[in-house]
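So the chains spell out like this:
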Amino acid sequence: MKLRYLLLVFTLFIISLVQPLFGQEFELGLPIGHSSSVSSSKLIQDGKLLVTTSEDGSIGVWDFKSERLLYQLFHRESDKSFNLDSEISPDGTTIVTWEWGKDLINVWNINEGILQFKIELNEDDDDNEENYFLLEDDDINVHNIKYSVDGKHLILADNNGVISLWNIETGVKEKEFKTNIDYIQSISVAKNNQLVYVAGDTLTEIWNVKNSKLIQSLSSSSEDTKPVFSEDSKFIALQSLN
């Protein structure tokens, strides 16, 4: 018992010395992989992998059982990303990362730890880099991104109130339409992969992304409601958060 106690004290002492070097808090049993605070974490693939994002702009892919870091991916190579957002595909095979109000979107293959493709805004048209996909508008930035429920598409909402539908396999933009909301705060996707709930400050809209048609407009604030689609996607309930 005394030996175990001495080992615990010694371990805590070592942690107190090492922690300032890495700039992040951690607990016993958790590995170190980021140089700043962890902003999100999610178990995927039936608990086999743990995906973490950090304020240092990196994504960590861990073997959860062994606590071993498999891959560390950086959203930007030349600059840290302090407002990094992310969304993991329903099957846990890809993750999309972006910075709110910035121009770069990356889609990563989680199993292989490689960049599957990227969408970079506000760049010149003559850039023919492999896996490079360019949006035509040179002054837009993305606020929200969601996967379709089947994981085959990305649904992007930009600062101009435009919704676009991207093929996750090819990186090709398939659809684009302008909503009546200038500032899109959140988006939610129905289980039929067709209906999208788009919320602004005082107005919310339901769109069919397959034919770009507006289904219904509602006077509701995204700050106090949460949409819940039925299993057959025929009904939607607005849950009050107040």
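Note that the structure is a prediction, hence the values are computed from the model and not measured.

(A) Here's a closer look at the overall build of the chain. Tallying secondary structure elements over the chain gives one helix and 19 strands in all. Expressed as a percentage of its 242 residues, the buried residues of the chain come to 42%. Residue pairs in contact within the chain that sit at least 24 positions apart in sequence constitute 31% of those at least 6 positions apart.

(B) Structural view of the environment of Glu87. Within the fold, Glu87 resides in strand E5 (residues 84–88). A relative accessible area of 22% places Glu87 in the partly exposed class. When the C-alpha atoms of Glu87 and Ile145 are compared, they prove to be 7.3 Å apart, with 58 residues separating the residues in sequence. Setting aside residues up to four positions removed in sequence, Glu87 forms contacts with Thr94, Ile95, Val96, Trp98, Ile145, Lys146 and Tyr147.

(C) Structural view of the packing of aromatic side chains. Scanning the entire structure with this criterion turns up one aromatic pair. Between Phe177 and Trp207, the aromatic rings sit 4.7 Å apart at their centres with planes inclined by 25°, giving stacked as the arrangement. Of this pair, Phe177 sits in strand E13 (residues 173–178) while Trp207 is found in strand E16 (residues 204–208), placing the two residues 30 residues apart along the sequence. With a relative accessible area of 9%, Phe177 lands in the buried category. Of the residues examined, Trp207 reaches a relative accessible area of 7% and is grouped as buried.

(D) Quick look at unusual backbone geometry. At Asn193, a residue that is not glycine, the phi angle is positive and equals roughly 65°. Examined against the element boundaries, Asn193 turns out to sit in the loop between strand E14 (186–189) and strand E15 (195–199). Assessed through its relative accessible area of 14%, Asn193 is described here as buried. A positive phi angle, close to 60°, is found at Ser212, a residue other than glycine.

(E) Spotlight on the sheet that holds E13. Strands sit in the order E10-E11-E12-E13 across an open sheet of four strands; the sheet is antiparallel. In this open sheet, the two edge strands, each paired with only one partner strand, are strand E10 (142–147) and E13. Adjacent strand axes in the sheet meet at a mean angle of 15° when their direction is disregarded.

(F) A look at the side chain of Ser148. For Ser148, the position within the fold is in the loop between E10 and strand E11 (153–158). When its relative accessible area of 3% is taken as the criterion, Ser148 is described as buried. Leaving out residues up to four positions away in the same chain, Ser148 has contacts with Pro90, His153, Val189 and Asn193.

(G) Examining the pairing of E16 more closely. Among the five residues of E16, five are classified as buried, and the element is accordingly described as predominantly covered. Alternating positions in E16 separate into two faces, Thr204, Ile206 and Asn208 on one and Glu205 and Trp207 on the other, with burial throughout. The turn joining E15 and E16, which pair antiparallel and follow one another in sequence, is formed by four residues. Hairpin geometry of E16 and strand E17 (residues 213–218) is characterised by an intervening segment of four residues between the two adjacent antiparallel strands and by a positive phi of about 60° at Ser212.

(H) Up close: the pattern of salt bridges. The full count for this structure, using the stated rule, is three salt bridges. In this structure, Lys146 and Glu87 form a salt bridge, with 3.9 Å as the shortest nitrogen-oxygen distance. Here Glu87 lies in strand E5 and Lys146 lies in strand E10, a separation of 59 residues in the sequence. The partly exposed category is assigned to Lys146, whose relative accessible area is 28%. In this structure, Glu176 engages Lys173 in a salt bridge whose closest nitrogen and oxygen atoms are separated by 3.0 Å. For Lys173, a relative accessible area of 28% corresponds to the partly exposed category.

(I) How the structure looks around the pairing of E17. Pairing geometry for E16 and E17, over five bridges, is antiparallel. Among the inter-strand pairings, Asn208 is bridged to a residue of E17, identified as Lys213.

Reading the values: rules and limits
- Residues numbered from 1 in each chain as written.
- Predicted model: local features only at pLDDT ≥ 70, side-chain atom pairs only at ≥ 80, totals over all residues.
- Heavy atoms only, no water.
- Helix = DSSP H or I, 4+ residues; strand = E, 2+ residues; numbered from the N terminus.
- Buried < 20%, exposed > 50% of the residue type's maximum accessible area, 1.4 Å probe, protein only.
- Contact = heavy atoms within 4.5 Å.
- Phe/Tyr/Trp six-rings, centres within 6.5 Å; stacked < 30°, edge-to-face > 60°.
- Pairing = 2+ DSSP bridges.
- Axes fitted to C-alpha atoms, helices over the stretch in contact; angles between N-to-C directions.
- Salt bridge = Lys/Arg side-chain N within 4 Å of Asp/Glu carboxyl O.

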